[in-house]
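Structural description and commentary
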Amino acid sequence: MDEIIVQAKGITKYFPGVLANNHIDFELKKGEIHTLLGENGAGKSTLMNILDGIYHPDEGEIYIKGKKVHIQNPFDAMANSIGMIHQHFMLVDTLTVLENVALGLKSQGLYIDKKEISKQIETISKKYHFNINPYSKIWQLSVGEQQRVEIIKTLFRKAEILILDEPTAVLTPQESEDLFKILNQLLKEGKSIIFISHKLDEVMEISDRITVLRKGKVVGTVHKKDVTKGYLAKMMVGREVLFSLERKPLKRRGEVLKVKELEAYNDKGFKALKKISFSVFGGEIFGIAGISGNGQKILAQTITGLRRATRGKTILNDADITNASPKVIANKGVNYIPPDRLKVGLIPNLDTTENAILRSYDREPITKRNFIDHQKAAEYAKSLIRKFNIMVPRIDAPVKLLSGGNMQKLLLAREIAERPKLLIAVHPTRGLDVGATEFIRKQLLKERDNGLAVLLISEDLDEILMVSDRIGVIYEGQIMKVINIEDAERNKIGLLMAGVNSPKN
Amino acid sequence: MLLFEKRETVSTKLKAAIPLVSVFLGLVTGAIAILFTRTNPIIVYQALVKGAFGSVYTFSETLVAAIPLILISAGLIVAFRMNFWNIGAYGQYIIGAIFGSFFALNMPATMSRPLLLTIICLAGFLGGALWGLIPAALKAFWEVNEVITTLLLNYVALYILKYLMYGPWRNPESHGFPLSKPFELNAQLPRLLPRTRIHFGIILGIIAVIIVYIIIKKTKFGYEIRVIGENKRAARYAGINITKNIFIAMAISGGLAGLAGLAQLSGVIHMLQIEINPGYGYTAIVVAWLASLNPIIAMLISVAFGGLEAGGYQIQMAIRVPFGIVGTIESAVLFFLLGGEILKKYRIKLRRNIL
């Protein structure tokens, strides 16, 4: 049981301007789940990509079963029985499970022995209760099933050491539970697992040992039974972390947004909002809770002018803004943090300055008579960076190189700097680490205290309960009920989210 | 063993070194092809350089060939920055030439030269712009893929030209050849140096490059097209008017291609005919791309390509190697240049197998 199967000694990896891994020591014992815990940008993925042969260390040594190895590429990793399951799956959507498993198999030449592969897949699938048909196309599978295909791929190649890079980031709570069962069974079979995460609850649930990384360095390795969640959080962030936020008493002001019997269709042509009505007042956070896909995204898009309302009205401070253009709506004081920061809110290949001015580029002082003053633009970006303490490698580096937390800070900073009357935030902390999450939530509360009306749409019920003053539960494009935070009970909201209860009358 | 490792950023030194080394390797490969013609590659390259840059006259021919490339690539850069793949400079060039020719052929020979030249240049620009606006509208209103529409419209343009040349615009005195009447002197762009064919188009090209540079680097419009090009959804989110920007960008892109076509007629050929070198419209795509969409670098690359063309004629005549050799050298250089792009994305390490 105590056999050390992977040992990394003094691993160091430089990227231009960053020391991603700074003399990291790490070991994995046979039959354990060893979690790598750390905030985004702490160096977890870099270390694992080194084990998988995608990056090569500048310094340091790797031993597998006591033997020194040089892992040049993922094939080498596989030959050393290391299999990595990436956060973003490495699957070809239009191919079948079988074809994905066969891809890159060295044992297959021009002719692929589908029968044999299919048989082996089924054996693996049965053994671990994966319930995967080798002939299904990848796109037909749910995210959880796709992840199982990734696991099959590694097991098929006889992996003994499995690396899972933030595997639960894309899963529903139920799917995560299923994954944990699978992992436990893999352990029983004698596999060893490296689990990467920054979600403390699941880390406490599943790990044997935990190694905490911060800024590319190892903070320490601990046994789960010796620590608490709070202790881990402190190791990870470097200071105390609050699991609940202090809130000033509500000072509600006048009605800012009124949504009246609004209807809109989604991309598939189905009615996603069904006469939805609610109001948001100045100085409050109105949280919309609901299970993914009940019209949350469509609601935000319709209010901000990115989607046409087919019926009903949105009224901002007594002015009708229904179906006005996104620019008009933004100029009237509605700012928006979209759910997908890299696809909608930011332009990944452009630099910090170019992203910072996305809202203000066409006004003075940044633009005068159609010409952009690059110096003013850079000053503006720097002021946002200072105010929100955003970490950027260089101001002219593309924002895709920023960590998720810093991207979101930049986005939030830009939107708040517009001094909106209404701020719509959709999943503002999704995928962020503890520190960044806390920062974003505190900012939302601060703006609320300044009198801003905040519409918070989130699938994270804890988040809704932590910061909202009133909660509207959305189900199939309707608000089931609006509850004041004092009366909010988790169970009751859970039932409403599942559609139990007649719509409010 | 060769190892590929992803890299996030590229140093400026490397950015400059990659194309230089690529060109060198391309020339070495070209040399191998030359050896097959039983000629000494060094002599061919010497002759090529001499033929392109060796004397005032040969260099002037290089510049003449560069003029259309400079104009077209400057325009393409505007569209490409918006991720609008304008493959239709070929057609826009032809239509620009036709529009300009209409005035060149129909205005009285007594008309003031500056006035007529201004008119035909504007007409050339307008013709190319209108031809560019067709795919722009299809894209903006119905999301039709612009690669296909711009490409197909090239054939339409070519057949319009053929119709005119075999039909209504044929010079009755051309003995049946598909040629128009020659342009009168007042419709010819002035030549800048005696005994060379360098014409006023080069000044138009330089002006276009400067304007395009300012547009993409300094203006609100330049910023907007970059945002659209990099992330259309972010552009919509920020309230940028995508339709308007597609129209403006394609008007500039098509317009400059049209101006290039007209300049070639009015500056070099002096009549409308079927062979008016619209192939520059395709070469300019490569030029724009190699210049990483920077108009000033594109101008320099245009001169290099012009040199290849002019030098190619020279070696054909002087050493009697087939003109195809020039194409081979050009392709080999391109091949390595495009292959070199991978070094901007990956670090390649050579490592002996230690295991």
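Worth saying up front: this structure is predicted, and the values here are computed from it rather than measured.

In this section: the overall build of chain A. Tallying secondary structure elements over chain A gives 17 helices and 22 strands in all. Relative to the 2.2 N^0.38 estimate, which gives 23 Å for 505 residues, the radius of gyration of chain A is 25 Å and therefore close to what a compact globule would have. Projected onto its principal axes, the C-alpha positions of chain A cover 70 × 55 × 50 Å. Expressed as a percentage of its 505 residues, the buried residues of chain A come to 56%. Within chain A, contacts between residues separated by at least 24 positions form 67% of all contacts whose residues are at least 6 apart in sequence. Just so you have it, chain A exposes about 22,700 Å², and 50% of that area is on carbon and sulfur atoms. In chain A, 76 side chains carry a positive charge and 62 a negative one; their mean positions are 3 Å apart.

Another aspect to go through is the packing of aromatic side chains. How two aromatic rings sit relative to each other is set out by the distance from centre to centre and by the angle between their planes. Using the criterion set out here, one finds 15 aromatic pairs over all chains in the structure. When the centroid spacing of 5.3 Å and the interplanar angle of 90° are considered together, the rings of B:F102 and B:F103 count as edge-to-face. In this structure B:F103 comes out as partly exposed when scored by relative accessible area, which is 24%. Grouped by ring-pair contacts, the aromatic residues B:F80, B:W85 and B:W289 constitute a single cluster. Its guanidinium or amino end placed over the ring of A:F281, A:R252 lies 3.9 Å from that ring's centre, counting from NZ or CZ.

This next bit is on the side chain of A:T154. All names here are of chain A. Turning to its location among the elements, T154 is positioned in helix 5 (residues 143-156). For T154, a relative accessible area of 5% gives the class buried. What T154 contacts, discounting residues up to four positions off in sequence, is M78, G83, M84, I85, A159 and L162.

Residue and element names in this part refer to chain A. For chain A, the assigned domains read domain 1 (1-81 + 160-241), domain 2 (91-158) and domain 3 (255-497). At the junction of the two partners, domain 1 supplies 15 residues and domain 2 supplies 16 residues. Across the domain 1 to domain 2 interface the summed buried area is about 1,400 Å²; carbon plus sulfur atoms make up 66%. Inspection of the domain 1/domain 2 interface yields one salt bridge. A salt bridge links K127 to E189; the shortest N-O distance between them is 3.5 Å. Applying the counting rule to domain 1 against domain 2 returns two residue pairs in polar contact (both at pLDDT 80 or more).

Quick look at the sheet that holds strand 1 (residues 4-15) of chain A now. Residues and elements named next belong to chain A. Strands sit in the order 2-1-4-5 across an open sheet of four strands; the sheet is antiparallel. Of all the strands in the sheet, just strand 2 (18-29) and strand 5 (67-69) have a single pairing partner and so form its edges. Within the sheet, the average angular offset between the axes of one strand and its neighbour, ignoring direction, is 25°.

Attention shifts here to the pairing of strand 21 (residues 470-475) of chain A. Consecutive side chains of a regular strand alternate in pointing toward one face of the sheet and then the other. All names here are of chain A. Taken across its six residues, strand 21 has five buried, putting it largely inside the fold. In terms of strand pairing, strand 13 (residues 285-289) meets strand 21 through four bridges, oriented parallel. Its bridge partner being in strand 21, F286 is matched across the sheet by R470. Alignment of strand 21 against strand 22 (residues 478-484), held across six bridges, turns out to be antiparallel. Residue V473 lies in a different strand from strand 22, and its bridge partner there is K481. What sits between the antiparallel neighbours strand 21 and strand 22 is a turn of two residues, in which E476 has the positive phi angle 45°.

A word on the interface of chain B and chain A. Between chain B and chain A, the contact holds 30 residues from the first and 37 residues from the second. Across the interface of chain B and chain A, roughly 3,200 Å² is buried in total on both sides, 57% from carbon and sulfur atoms. For the pair chain B and chain A, the number of links is one salt bridge. When the shortest N-O distance is used, the salt bridge between A:E354 and B:R226 registers 3.2 Å. Across the chain B-chain A interface, the total number found is 16 residue pairs in polar contact (both at pLDDT 80 or more). Those elements that place two or more of their residues in the side of chain B that touches chain A are strand 1 (2-6), helix 7 (201-218), helix 8 (220-230) and helix 9 (232-237) of chain B. Among the residues forming the side of chain B that touches chain A, the class breakdown is twelve nonpolar, five polar and 13 charged.

With that out of the way, let us pick up unusual backbone geometry. Cis geometry marks the peptide bond from A:E364 to A:P365, where omega comes out at 5°. Among the structural elements, A:P365 can be located in the loop between helix 12 (352-356) and strand 17 (367-368). Backbone geometry places B:N277, a non-glycine residue, at a positive phi of 60°. Position of B:N277 relative to the elements: it lies in the loop between strand 3 (271-273) and helix 11 (280-290).

Turning our eyes to something else, we now look at a nonpolar patch on the surface. On the surface, B:L20, B:V21, B:F24, B:L25, B:V28, B:I32 and B:F36 cluster together into a nonpolar patch covering about 740 Å² of accessible area. Structurally, the position occupied by B:F36 is in the loop between helix 1 (12-35) and helix 2 (41-54).

Residue and element names in this part refer to chain B. In the contact formed by helix 7 and helix 12 (residues 295-318), the axes pass within 9 Å of each other and the chain directions differ by 150°. Overall, the two elements helix 7 and helix 12 adopt an arrangement that is roughly antiparallel. For the pair helix 7 and helix 12, contact is made by I206, V209, V212, Y213 and I216 and by P295, I296 and M299, respectively. Looking at the contact of helix 7 with helix 12, its residues break down into eight nonpolar, no polar and no charged.

This paragraph deals with the environment of B:Q92. Residues and elements named next belong to chain B. Residue position: Q92 is located in helix 4 (residues 89-106). For Q92, a relative accessible area of 1% puts it in the buried group. In this structure the C-alpha to C-alpha distance between Q92 and L130, which are 38 residues apart in sequence, comes to 8.3 Å.

Another point: the pattern of salt bridges. Residues and elements named next belong to chain A. Evaluated as defined, the whole model comprises 32 salt bridges over all chains. For E463, the salt bridge identified is with R441, shortest N-O distance 2.9 Å. Within this pair, whereas E463 is found in helix 16 (residues 461-467), its partner R441 is found in helix 15 (residues 434-449), the two being separated by 22 residues in sequence. Looking at R441, the relative accessible area reads 10%, which means it is buried. Connected through shared salt-bridge partners, R247, R448, D449 and D469 make up one network.

Glancing now at the environment of B:M111. Residue and element names in this part refer to chain B. Tracing the backbone through its elements, the reader meets M111 in the loop between helix 4 and helix 5 (113-142). By relative accessible area, which is 17% here, M111 ends up buried. Residues M111 and A187 lie 76 residues apart in sequence; the distance between their C-alpha atoms is 9.2 Å. Each residue touching M111, except ones within four places of it in the same chain, is listed here: L116, I119 and N186.

Quick look at the side chain of A:R341 now. Residues and elements named next belong to chain A. Relative to the elements of secondary structure, R341 occurs in helix 11 (residues 341-345). Buried and unpaired, R341 has D340 as its nearest opposite-charge partner, separated by 6.9 Å. Once residues within four sequence positions are removed from consideration, R341 is found in contact with L346, G404, M407, Q408, L411, R430, G431 and L432.

A word on the packing of helix 3 (residues 56-81) of chain B against helix 12 of chain B. All names here are of chain B. Direction vectors running N to C along helix 3 and helix 12 enclose 140°, while the axes themselves pass 7 Å from each other. Taken as axis vectors, helix 3 and helix 12 run oblique relative to one another. The handedness of the crossing between helix 3 and helix 12 is right-handed. On helix 12, the residues that touch T58, F59, E61, T62, L63, A65, A66, L69, I70, S73 and I77 of helix 3 are P295, A298, M299, S302, V303, F305, G306, G307, E309, A310 and Q314.

Counting buried positions over the eleven residues of helix 8 of chain B gives eight, a clear majority of the element. Buried within helix 8 of chain B are the following residues: B:F221, B:G222, B:Y223, B:E224, B:I225, B:V227, B:I228 and B:G229.

Take the nonpolar core next. Judged by nonpolar contacts, the single largest core of 189 residues is most densely connected at A:F278, A:L422 and A:L455. Tallying contributions element by element places helix 3 of chain B first for this core, with 15 residues. Setting aside anything within four residues of it in sequence, one finds A:L422 in contact with A:V256, A:L257, A:V280, A:L316, A:G333, A:V334, A:N335, A:L452, A:A453 and A:L455. Ranked by size, the runner-up nonpolar core spans 36 residues in total, among them A:L105, A:L155, A:F180 and A:L183.

Thresholds applied
- Residues numbered from 1 in each chain as written.
- Chains lettered and ligands numbered in written order.
- Predicted model: local features only at pLDDT ≥ 70, side-chain atom pairs only at ≥ 80, totals over all residues.
- Heavy atoms only, no water.
- Helix = DSSP H or I, 4+ residues; strand = E, 2+ residues; numbered from the N terminus.
- Rg over C-alpha atoms; globule rule 2.2 N^0.38 Å.
- Buried < 20%, exposed > 50% of the residue type's maximum accessible area, 1.4 Å probe, protein only.
- Contact = heavy atoms within 4.5 Å.
- Areas by Shrake-Rupley, 256 points an atom, 1.4 Å probe, with all protein chains shown as cover.
- Lys, Arg positive; Asp, Glu negative; His and termini not counted.
- Charge placed at Lys NZ, Arg CZ, Asp CG, Glu CD.
- Phe/Tyr/Trp six-rings, centres within 6.5 Å; stacked < 30°, edge-to-face > 60°.
- Lys NZ or Arg CZ within 6 Å of the ring centre and 35° of its normal.
- Domains from an automatic or database assignment.
- Buried area = accessible area lost by both parts, 1.4 Å probe.
- Salt bridge = Lys/Arg side-chain N within 4 Å of Asp/Glu carboxyl O.
- Polar contact = N/O pair within 3.5 Å; in protein donor to acceptor, adjacent residues only side chain to side chain.
- Pairing = 2+ DSSP bridges.
- Axes fitted to C-alpha atoms, helices over the stretch in contact; angles between N-to-C directions.
- Nonpolar A, V, L, I, M, F, W, Y, C, P; charged D, E, K, R; others polar.
- Patch = residues over 30% accessible without salt bridge, like charges linked within 9 Å, V, L, I, M, F, W, Y side chains within 5 Å.
- Parallel < 35°, antiparallel > 145°, perpendicular 65-115°, else oblique.
- Left-handed = near helix turned anticlockwise from the far one by under 90°.
- Core = buried A, V, L, I, M, F, W, Y, C linked by side-chain atoms within 4.5 Å.

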